[in-house]
Amino acid sequence: MLADVQSVGYDLFAPEMTANPYPLYQKMRQADPVYYSETLGYWILTRYADVEAALWDERLSADRRSLFIQQLGNLDASLIQNFLQLTGNMMIEQDPPDHTRFRKLANQGFTTKALESWRSIIQQITNYLLDQACVRDSMDIVADLSVPLPALVIAEIFGVPAEHQANLIQWASDIGTFWGAPGGQNIEALARKADTGAAQFTALIRQLIEERRHNPGTDMISLLTLAYEQQGFDLDLLPSLCILILNAGHLTTTDLIPNGVNALLNHPDQLQLLQANPALLPSAIEEMIRFDTPAPFLFRIAKQDVNVGGHEIPTGSVIALGLGPANHDPAKFANPEQFDICRSPNEHLGFGPGVHFCLGAVLARMELNICFQMLLKRMPNLHFDPDHVAIPRQTNLVFKGFDTLPVKFQG
Ligand code: HEM
């Protein structure tokens, strides 16, 4: 085994990592690109080539149950039984051929026609949220925009009634925090919250599936219920697919919006360039995803011994694939620490290539384009609020965003 992460200074959960993890990622990539952390109990890959290859490697499984059990330390696995049942049935944790069956079915919900029908929903919700903010001269990008926007959009697509939408955000966050490898802090409390969230979220989705079976609409739950029944899939497994899409559909987008606003406000030349050339927005969004990747790590489990960069990784090992670190690898990106909205090509790994390539990438891009287009148009004088500090958040390895990002847009 190699030396401990902390003993050589690689503490992925050190307080300074929350503000800026990229210097440490650079150190790791240069000195220990394939690293075993005794403290965390897993391997960490930080080079673009290794991470990309691992995402396509069939010898690595997406079934992360052993990570979750490992995270519990001495606690009993029964503490997270609802969580394990819910997430274990999610296609994001399955390998082909099971994954292929679920993915084919889920793809049917994301047709070009469906995506186009969601455009006006996104526009309406964004406008509504910005209207609310515009009556003041300041807003919190997180509380006022990035938390409600993707959550309301995905809730609308699924037809989740308004009275459950606040719960949906809380459950997603509780499940996502434990799912995202939170380090060792308060693990029992996090596990309990994740398990309660999983049980309550599953109960609600089961109830909605039952209702839509008898009274179908045009929402995603109705469409997936019908498809499951027609194709002979077990309806008991449908809550896992719905909750996967509901959670994945907003947690990452919620983080990308403040990460992107923060990058733009920290690089006024790039903000001005974008304001003068709105056609650069799609390319600016790709750069936001690369520059401050909202899902900086993904996990895989070795199904057999694998050799990565000369290191023997034994069967059963947990491997953290550093999408964020890989997106700053100078072997792939010229001047990786530079935020360049014109970067081309920009083959970032932010949507995780491979069989699990983000199902919602097209929706996410549409949502982000509409959000930034409206934000910059309606608030051309956007700047950091000098009276309130931004608080970045990375309490787990999979989700990186902000707790709060106060801005002003007048005066
Ligand atoms: C900026 C926004 C987003 C980012 C950065 C992002 C990133 C990712 C990544 C990295 C993965 C791969 C996970 C893995 O291999 O373990 C993934 C998978 C997935 N994403 Fe996204 N995502 C975003 C938005 C969305 C949206 C809006 C939706 C749906 C409405 C969505 C649904 C999914 C689903 C269902 C999967 C699992 C796919 C599978 O297992 O085949 N994502 N996403």
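Rules used throughout
- Residues numbered from 1 in each chain as written.
- Predicted model: local features only at pLDDT ≥ 70, side-chain atom pairs only at ≥ 80, totals over all residues.
- Heavy atoms only, no water.
- Near = heavy atom within 4 Å.
- Polar contact = N/O pair within 3.5 Å; in protein donor to acceptor, adjacent residues only side chain to side chain.
- Helix = DSSP H or I, 4+ residues; strand = E, 2+ residues; numbered from the N terminus.
- Nonpolar A, V, L, I, M, F, W, Y, C, P; charged D, E, K, R; others polar.
- Pairing = 2+ DSSP bridges.
- Contact = heavy atoms within 4.5 Å.
- Core = buried A, V, L, I, M, F, W, Y, C linked by side-chain atoms within 4.5 Å.
- Buried < 20%, exposed > 50% of the residue type's maximum accessible area, 1.4 Å probe, protein only.
- Salt bridge = Lys/Arg side-chain N within 4 Å of Asp/Glu carboxyl O.
- Donors = N, O, S within 2.8 Å, 3.2 Å for Na, K, Ca; no water.
- Axes fitted to C-alpha atoms, helices over the stretch in contact; angles between N-to-C directions.

Observations concerning the site of the ligand
In the region of the ligand, 27 residues are neighbours, and His99, Arg103, Arg300, His356 and Cys358 sit closest. The separation between an oxygen atom of the ligand and a polar side-chain atom of His99 is 2.6 Å. At 2.7 Å, a side-chain N or O of Arg103 approaches an oxygen atom of the ligand. Residue assignment for the shell around the ligand shows that the elements contributing at least two residues are α6 (98–107), α13 (238–266), β5 (297–302) and α17 (361–378). It is α13 that contributes the most residues to the shell around the ligand, 6 residues altogether. Grouping the amino acids of the shell around the ligand by side-chain chemistry returns 16 nonpolar, 8 polar and 3 charged.

Considering the sheet that holds strand β9 (residues 383–384)
The pairing of strands in a sheet happens through backbone hydrogen bonds and is either parallel or antiparallel. With respect to topology, 3 strands assemble into an open sheet ordered β4-β12-β9, the strand pairing being antiparallel. Edge positions in the sheet fall to β4 (138–140) and β9, since each of these pairs with one other strand and no more.

A look at the environment of Asn127
In this fold, Asn127 is placed in helix α7 (residues 112–134). Sequence separation of Asn127 and Asp50 is 77 residues, and the distance between their C-alpha atoms is 42 Å. Filtering out sequence-adjacent residues up to four positions away, Asn127 remains in contact with Met374 and Arg378.

So, the nonpolar core
Leu12, Tyr42, Phe83, Leu145, Phe158, Phe178 and Val261 are the most contacted members of the largest nonpolar core, which has 120 residues in total. In terms of residues, this core owes the most to one element, α13, which gives 14 residues. Every residue in contact with Leu12, bar those within four places of it in the chain, is listed here: Met17, Leu24, Tyr25, Met28, Leu40, Ile44, Phe297 and Leu397. Ranked by size, the runner-up nonpolar core spans 20 residues in total, among them Tyr36, Leu60, Ile313 and Ala326.

Quick look at helix α12 (residues 220–230)
Buried residues of α12: Met220, Ile221, Ser222, Leu224, Thr225, Ala227 and Tyr228, and no others. Those residues of α12 hidden inside the fold are in contact with α6, α7, α9 (148–158), α11 (187–214) and α13.

Remarks on the pattern of salt bridges
Counted by the stated rule, this structure contains 21 salt bridges. The partner of Arg192 in a salt bridge is Glu188, and the shortest N-O contact between them spans 2.7 Å. Taken together, the positions of Arg192 and Glu188, both in helix α11 and 4 residues apart, correspond to about one turn of that helix. Overall, the relative accessible area of 44% leaves Arg192 in the partly exposed class. For Arg206, the salt bridge is made with Asp236, and the minimal N-O distance between the two is 3.3 Å.

Observations regarding the coordination of the iron atom of the ligand
Among all protein atoms, only Cys358 (SG) binds the iron atom of the ligand, sitting 2.3 Å from it. Position of Cys358 relative to the elements: it lies in the loop between α16 (323–326) and α17.

Details of helix α5 (residues 81–88)
Restricting attention to buried positions, one finds in α5 the residues Phe83, Leu84, Leu86, Thr87 and Gly88. Elements in contact with the buried residues of α5: α4 (65–71), α10 (165–179), α11 and α13.

Notes on the sheet that holds strand β1 (residues 34–37)
Pairing in this open sheet of 5 strands is mixed, and the strands run β1-β2-β8-β5-β3 from one edge to the other. Strand pairing shows two members of the sheet lacking a second neighbour, β1 and β3 (60–61), which therefore form its edges. Where β5 and strand β8 (residues 318–322) come together, 5 bridges link them in antiparallel fashion. Pairing of Phe299 across the sheet is with Ala320, part of β8. Against the sheet, helix α3 (residues 48–56) makes contact with β1, β2 (42–45), β3, β5 and β8, and its axis sits at roughly 125° relative to β8, the strand it touches most.

Some remarks on the environment of Gly88
One can find Gly88 in helix α5. With a relative accessible area of 18%, Gly88 lands in the buried category. As for Gly88 and Leu115, which are separated by 27 residues in sequence, their C-alpha atoms are 28 Å apart. Those residues in contact with Gly88, other than ones at most four positions away along the chain, are Phe83, Glu93 and Gln94.

Some points on unusual backbone geometry
Cis geometry marks the peptide bond from Pro96 to Pro97; its omega dihedral reads 5°. By the element assignment, Pro97 lies in the loop between α5 and α6. Of note, the amide linkage connecting Ser344 to Pro345 takes the cis form, showing an omega dihedral of -5°. Looking at the element boundaries, Pro345 is found in the loop between α16 and α17. Of note, Ala181 is a non-glycine position whose phi angle comes to about 60°, a positive value. Along the chain, Ala181 turns up in the loop between α10 and α11.

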